[in-house]
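Chain residues, written in single-letter form:
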Amino acid sequence: MKVRFAPSPTGKLHVGNIRTALMNWLFVRKHGGKFLLRIDDTDHARSTKVFEEGIYADLAWLGLNWDETARQSDRDAIYQAAADRLKADGFLYPCYETSDDLDRKAKIARSRGLPPIYDRAALKLTDAERAAFEAEGRKPHWRFKLTGQRRVWTDLVRGEQPVETGSMSDPVLIRADGSFLYTLPSVVDDVDLGVTHIVRGEDHVTNSGAQIEIFLALGATPPALGHFPLLVGADGEALSKRIGSLSVDMLRDEGIDPRAVNAVLARIGTSDPIEVVQSMDTLIESFDFAKVGRAPARFDVEDVRRVDAQLLHGADYSSVQDKLVALDADLGEDFWLAVRANLASLDDVKAYAQVVRGPVTPVIEDPAFAATAAALVPDGPLTGESWQAFVAAVKDATGAKGKALFMPLRQALTGMGHGPEMGPLFALIGADKARARLKGEAV
RNA sequence: GGCCCCUUCGUCUAUCGGUUAGGACACCAGAUUUUCAAUCUGGGAAGACGGGUUCGACUCCCGUAGGGGUCACCA
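Keep in mind it's a predicted model, so treat the numbers as computed, not measured.

(A) Layout of the overall build of chain A. Scanning chain A from N- to C-terminus turns up 19 helices and 12 strands. Relative to its length of 443 residues, chain A is extended, with a C-alpha radius of gyration of 31 Å against a globular reference of 22 Å. By principal-axis analysis of the C-alpha atoms, chain A measures approximately 105 × 45 × 40 Å. The burial tally for chain A puts 46% of its 443 residues in the buried class. Considering only intrachain contacts with a sequence separation of at least 6, the fraction spanning at least 24 residues in chain A is 73%.

So, in structure tokens, the structure goes:
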């Protein structure tokens, strides 16, 4: 078994791409086989090395390892040979319309309520007309002549899936400048590199109908096909490929755990719950195309943040220490254990580190109360038990209790109205700083 | 517009003709924390609409509405 993830280096990987990569990866890791990473850079004008490097970096970050790499720009000779064969066998025909011509035709068709598909006018060209275009210096682009038949396959996720190849345009396989469009290299590579299963989004369903005919024209057997539903935004609108806010590197920069990204994208739109999963093995084990629904699923980044937070709440000190150092918030294991349950994101740890280290601007509404408390802060090193004794003393001295007792102390000591349990925090802050803050000093 | 697909709690979904329509997240409430958060427990919450078929329909059929995809010299 071999699957492929074939991104084009024309932009950053976004959650939709990652979901495709994950589906392939999970599928092949579950059943055993090769994961091919193919860089589809046939669009020379838009493909860049920078984006290609970004793809490697993003996949590595997510832990989606691959077994083989191929770059389409290296394989031109193979595509050329296939194209020659298709031409020789009469599957391709030359067309001389310009992009403007085609635009115009499509617009006219649309305005008449007709499907905007190519009218095959080039098929009716006489040799003399073709010669005239050539004499003008026009170079043809080449289309694959679809049979117009109804193609049906058993889709891995959708079941029986028909496509009317008569309802779509004959795909252009070769540009006027001689370069290839995605469709031909994709099929040629799938054959040549031995891809057995194509798993991709449902935006390729119609495409698959045409590609099946190209596989056949090449004398090959089409691979098994699986098309899963696309993601839509939280508002139900289509998730645009151009929404940069959903790019993978943005999630990484936000400090999100890649496991949270994987967990959400692997489970969204499936019957398995979106929940904290500690390891990819769990995801691999639970993966099944039968669990994937057929309706578009709503993607909400908040789900990723939520899972990320839950991961943090149970994270061991050793597993986050490096990240804490990077954030300049490594104050030891006691500190981590004290604050982790209160983190919505790892970034929040910086604020608590500052609470411990200072300076903190105390929030004091009742100076007299705070001053009384300041005098009751015990001397010497504070322990986990110091807080309880301190609070009891303040309660005796002021008569305050409950929220009226705790809130003013929390606000004066931390400058915040929320946060981790005060016991451990109090010990971490220390007697000197606690006393000073209660007196209103920003230390 | 043609072709393809979809429509169950706010969200992701289970149900493969007979169920008090189940779960997860979110939400609300209670407990706990002598505070907020975290945590635990409980609760409210759904079959787009209209026709059929059937003893019986969320489930099958038709129609309507809504959503997604595609119809590029993008991938």
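Having seen the structure, we can now continue with the description.
(B) Main features of the sheet that holds strand 4 (residues 92-95). The sheet built from three strands is open, its strands ordered 4-5-8 with antiparallel pairing. The sheet is open, and its two edges are formed by strand 4 and strand 8 (172-174), each paired on a single side. For this sheet, the mean angle separating the axes of adjacent strands, direction not counted, is 45 degrees. Relative to strand 5 (residues 141-144), strand 4 is paired through four bridges, and the arrangement is antiparallel. Residue pairing across strands places Tyr-93 opposite Arg-143, the latter belonging to strand 5.

(C) Examining the packing of aromatic side chains more closely. Scanning the entire structure with this criterion turns up 10 aromatic pairs. Taking 6.0 Å as the distance between ring centres and 80 degrees as the angle between the ring planes, the aromatic pair formed by Tyr-79 and Phe-180 counts as edge-to-face. Residue Tyr-79 is found in helix 3 (residues 76-88), and its partner Phe-180 is found in the loop between strand 8 and helix 6 (183-192); the two are separated by 101 residues along the sequence. For the pair Tyr-79 and Phe-180, one class covers both residues: buried. Judged by centre distance (5.9 Å) and plane angle (10 degrees), the ring pair of Phe-91 and Phe-144 falls under stacked. Note that Phe-91 is positioned in the loop between helix 3 and strand 4 and Phe-144 in strand 5, a separation of 53 residues in sequence. For Phe-91, a relative accessible area of 27% translates into the label partly exposed.

(D) Main features of the protein's contact with RNA strand B. Taken together, 58 residues are adjacent to RNA strand B, and Arg-46, Glu-97, Gly-113, Arg-175 and Arg-306 come closest. Counting only atoms of RNA strand B within 4 Å of the protein, the fraction found in sugar and phosphate groups is 69%. Here Asp-40 contributes a backbone N or O atom positioned 3.4 Å from a sugar or linking oxygen of RNA strand B. Of all elements in the fold, only strand 5, strand 7 (159-164), helix 7 (205-217), helix 11 (301-313), helix 16 (386-398) and helix 17 (403-414) reach the threshold of two or more residues within the surface near RNA strand B. Broken down by element, the residue count for the surface near RNA strand B peaks at five residues, all from helix 17. Tallied by class, the residues present in the surface near RNA strand B amount to 22 nonpolar, 20 polar and 16 charged.

(E) Local environment of the pairing of strand 1 (residues 2-5). Here strand 1 shows two buried faces, one formed by Lys-2 and Arg-4 and the other by Val-3 and Phe-5. Looking at chain direction, strand 1 and strand 2 (residues 34-39) are connected through four bridges and run parallel. Bridged to Phe-5 within strand 2 is Leu-37. Taken together, strand 1, helix 1 (residues 15-31) and strand 2 constitute a β-α-β crossover, and its handedness is right-handed.

(F) Inspection of the pattern of salt bridges at higher detail. In total, this model carries 34 salt bridges according to the counting rule given. Arg-267 serves as the salt-bridge partner of Asp-272, at 3.8 Å between the closest nitrogen and oxygen. On the basis of relative accessible area, Asp-272 is assigned to the buried category, the value being 18%. Here the residues in one salt-bridge network are Arg-4, Arg-38, Asp-40, Arg-75, Asp-189, Asp-190 and Asp-192, joined through shared partners.

(G) Focus on the domain arrangement of chain A. Here chain A is partitioned into domain 1 (317-357) and domain 2 (367-438). Distance between the C-alpha centres of domain 1 and domain 2: 22 Å. Between domain 1 and domain 2, the residue contacts involve 10 residues of the former and 12 residues of the latter. The junction of domain 1 with domain 2 conceals about 890 Å² of combined surface from both sides, 71% of it contributed by carbon and sulfur atoms. Of all residues in domain 1, Tyr-352, Val-355 and Val-356 bury the most surface against domain 2, accounting for 57% of the area lost on that side. Where domain 1 meets domain 2, there are four residue pairs in polar contact (both at pLDDT 80 or more). For the side of domain 1 that touches domain 2, the secondary structure elements donating two or more residues are helix 13 (333-339) and helix 14 (349-357).

(H) Broad picture of helix 14. For helix 14, the set of buried residues is Val-349, Tyr-352, Ala-353, Val-355 and Val-356. Take helix 14 and look down its axis: the buried residues cluster within an arc of 155 degrees, on one side only. Here the buried face of helix 14 lies against helix 12 (317-326), helix 13, helix 17, helix 18 (422-429) and helix 19 (431-438). Looking at the residues trailing helix 14, positive phi occurs at Gly-358, about 85 degrees.

Criteria and cut-off values
- Residues numbered from 1 in each chain as written.
- Chains lettered and ligands numbered in written order.
- Predicted model: local features only at pLDDT ≥ 70, side-chain atom pairs only at ≥ 80, totals over all residues.
- Heavy atoms only, no water.
- Helix = DSSP H or I, 4+ residues; strand = E, 2+ residues; numbered from the N terminus.
- Rg over C-alpha atoms; globule rule 2.2 N^0.38 Å.
- Buried < 20%, exposed > 50% of the residue type's maximum accessible area, 1.4 Å probe, protein only.
- Contact = heavy atoms within 4.5 Å.
- Pairing = 2+ DSSP bridges.
- Axes fitted to C-alpha atoms, helices over the stretch in contact; angles between N-to-C directions.
- Phe/Tyr/Trp six-rings, centres within 6.5 Å; stacked < 30°, edge-to-face > 60°.
- Near = heavy atom within 4 Å.
- Polar contact = N/O pair within 3.5 Å; in protein donor to acceptor, adjacent residues only side chain to side chain.
- Nonpolar A, V, L, I, M, F, W, Y, C, P; charged D, E, K, R; others polar.
- Right-handed = clockwise from strand over helix to strand, strands pointing away.
- Salt bridge = Lys/Arg side-chain N within 4 Å of Asp/Glu carboxyl O.
- Domains from an automatic or database assignment.
- Buried area = accessible area lost by both parts, 1.4 Å probe.
- Arc of directions from axis to C-beta.

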